[in-house]
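Examining the three-dimensional arrangement
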Amino acid sequence: LPGCPSGTFKANQGDEACTHCPINSRTTSEGATNCVCRNGYYRADLDPLDMPCTTIPSAPQAVISSVNETSLMLEWTPPRDSGGREDLVYNIICKSCGSGRGACTRCGDNVQYAPRQLGLTEPRIYISDLLAHTQYTFEIQAVNGVTDQSPFSPQFASVNITTNQAAPSAVSIMHQVSRTVDSITLSWSQPDQPNGVILDYELQYYEKELSEYNATAIKSPTNTVTVQGLKAGAIYVFQVRARTVAGYGRYSGKMYFQTMTEGERHPEGKRRPLSPLFGGWPGLPHRCGRHCHRVQQTGV
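I will try to describe carefully the structure that is included in this document. Since the model is a prediction, treat every value here as computed from it, not as a measurement.

Some words on the overall build of the protein chain
- If you tally the helices and strands in the protein chain, you get one helix and 20 strands.
- Buried residues in the protein chain amount to 40% of all 300 residues.
- Expressed as a percentage of contacts within the protein chain between residues at least 6 apart in sequence, the contacts between residues at least 24 apart total 58%.
- In the structure as shown, the protein chain presents an accessible area of about 17,100 Å², 49% of it carried by carbon and sulfur atoms.

Below, the structure is given as structure tokens:
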């Protein structure tokens with residue numbers, strides 16, 4: 001029996017009739033068992049031989065960006081041309097351009113993407129943990145099942161944004177410098193991410209036996225402050241936060257420090273040596289020097 005004529009194929013030997021080549025494919029000779037995709041069109045590994053050859057999608061359209069300090073929402077509309085396929089997804093490429101001088105570089109692993117950076121099925125993404133006052137370029141790639149077959153890079157839409165000044169991150173370390181029966185002197189580290197010039201700090205404190213609603217707040221231009229007017233032998237809860245022109249950052253974790261008791265100020269007989277303070281996060285001791293005293297954290 002003669003083979004299939006040009007423009008048709010038959011995948012298996014037998015009595016089946018020859019089939020016309022799918023759209024965007026052709027035969028190179030008579031008696032073909034499959035049709036070859038035309039230039040610029042491809043067949044994915046799992047595509048059946050009677051499925052039309054397809055191509056890569058065009059770029060996404062109408063990108064809308066919304067910046068909120070160091071976070072970003074991107075939304076877009078699907079490509080005008082899906083390439084003839086139904087497995088369209090999107091990839092996000094993030095590039096940091098610093099203050100705008102020099103070349104852009106790929107963003108680091110610290111940037112967060114929700115729901116994910118690659119293989120997005122919906123035309124939107126939320127990006128967070130960007131650097132403050134930084135220019136970024138985001139490429140939204142449209143890809144499908146034959147993108148890997150194409151010698152060309154995926155089509156993409158690009159958007160440039162600049163993050164705003166953000167409030168500083170939380171203070172992570174605080175320790176006691178000294179104490180008396182009615183005062184405690186504290187010092188703390190600058191936030192890991194100040195996100196600008198620190199204008200001042202706000203220290204909030206209250207007696208451990210009372211509610212947080214009884215807290216007193218004091219401002220300090222430096223990262224050291226002496227809190228006065230405290231009760232002798234009382235444990236106090238302290239939290240601190242930093243402020244920039246963008247506003248206050250989050251409060252630090254709660255720290256517990258105790259004033260001296262009257263007995264410690266006027267010990268009978270020979271004065272006892274000072275014991276070292278292990279002040280810090282509950283359950284996480286932090287040695288803070290020879291002037292410190294142990295903080296009782298029972299019931300914390």
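Quick notes on unusual backbone geometry
- Pro-115 follows Ala-114 through a cis peptide bond whose omega is 5°.
- As for its position among the elements, Pro-115 is in the loop between strand E9 (112-114) and strand E10 (124-128).
- Even without being a glycine, Ala-62 presents a positive backbone phi close to 50°.
- Relative to the helices and strands, Ala-62 resides in strand E5 (residues 61-68).
- Here the phi dihedral of His-133 falls at roughly 50°; this positive angle occurs in a residue that is not glycine.
- Inspection of the secondary structure assignment puts His-133 in the loop between E10 and strand E11 (135-143).
- Residue classification places His-133 among the exposed residues on the basis of a relative accessible area of 52%.

Thoughts on the state of the cysteines
- Under the definition given, this model contains five disulfides.
- Note on cysteine connectivity: Cys-97 is disulfide-linked to Cys-104, with sulfurs 2.0 Å apart. What sets the handedness of the Cys-97 and Cys-104 disulfide is the S-S torsion sign, and at about 105° it is right-handed.
- Owing to a relative accessible area of 38%, Cys-104 belongs among the partly exposed residues under this scheme.

Here's the deal with the pairing of strand E17 (residues 224-228)
- Across the two faces of E17 the burial differs, with Val-225 and Val-227 buried and Thr-224, Thr-226 and Gln-228 not buried at all.
- Direction of pairing for strand E14 (residues 183-188) relative to E17: antiparallel, over a ladder of five bridges. Each residue of the ladder has a partner; that of Ser-187, found in E17, is Thr-224.

Remarks on the sheet that holds strand E7 (residues 89-96)
- As summarised here, the arrangement of the four strands in space is E8-E7-E11-E12, forming an open sheet in which the pairing is antiparallel. Two strands close off the open sheet at either side, each with one partner strand: strand E8 (105-106) and strand E12 (156-162).

Considering the packing of aromatic side chains
- Within the structure shown, the criterion is met by six aromatic pairs.
- For the ring pair Trp-188 and Tyr-201, a centre distance of 5.5 Å and an interplane angle of 70° mean the geometry is edge-to-face. Placement of Trp-188 in strand E14 and of Tyr-201 in strand E15 (residues 200-207) is noted, with a sequence separation of 13 residues between them.
- Overall, the relative accessible area of 2% leaves Trp-188 in the buried class.
- Judged by centre distance (6.4 Å) and plane angle (45°), the rings of Tyr-236 and Phe-238 are tilted. Residues Tyr-236 and Phe-238 agree in their burial class; the two are buried.

Section: the environment of Tyr-201
- Residue classification places Tyr-201 among the buried positions, given a relative accessible area of 5%.
- The contact partners of Tyr-201, leaving out residues within four places of it in the chain, are Val-171, Trp-188, Gln-190, Pro-191, Ile-218, Lys-219, Ser-220, Thr-222, Asn-223, Val-240, Arg-241 and Ala-242.

Things to note about the pairing of strand E6 (residues 71-77)
- Both E5 and E6 contribute to a ladder of six bridges, which runs antiparallel. Residue pairing in the sheet places Gln-61 in a bridge with Thr-77 of E6.
- Linking E5 to E6, which pair antiparallel, is a turn of two residues; within it Glu-69 sits at a positive phi near 55°.
- Note that E6 and E10 share four bridges and pair antiparallel. Along E10, the bridge assignment pairs Met-73 with Tyr-126.

Reading the values: the criteria
- Residues numbered from 1 in each chain as written.
- Predicted model: local features only at pLDDT ≥ 70, side-chain atom pairs only at ≥ 80, totals over all residues.
- Heavy atoms only, no water.
- Helix = DSSP H or I, 4+ residues; strand = E, 2+ residues; numbered from the N terminus.
- Buried < 20%, exposed > 50% of the residue type's maximum accessible area, 1.4 Å probe, protein only.
- Contact = heavy atoms within 4.5 Å.
- Areas by Shrake-Rupley, 256 points an atom, 1.4 Å probe, with all protein chains shown as cover.
- Disulfide = S-S within 2.5 Å.
- Pairing = 2+ DSSP bridges.
- Phe/Tyr/Trp six-rings, centres within 6.5 Å; stacked < 30°, edge-to-face > 60°.

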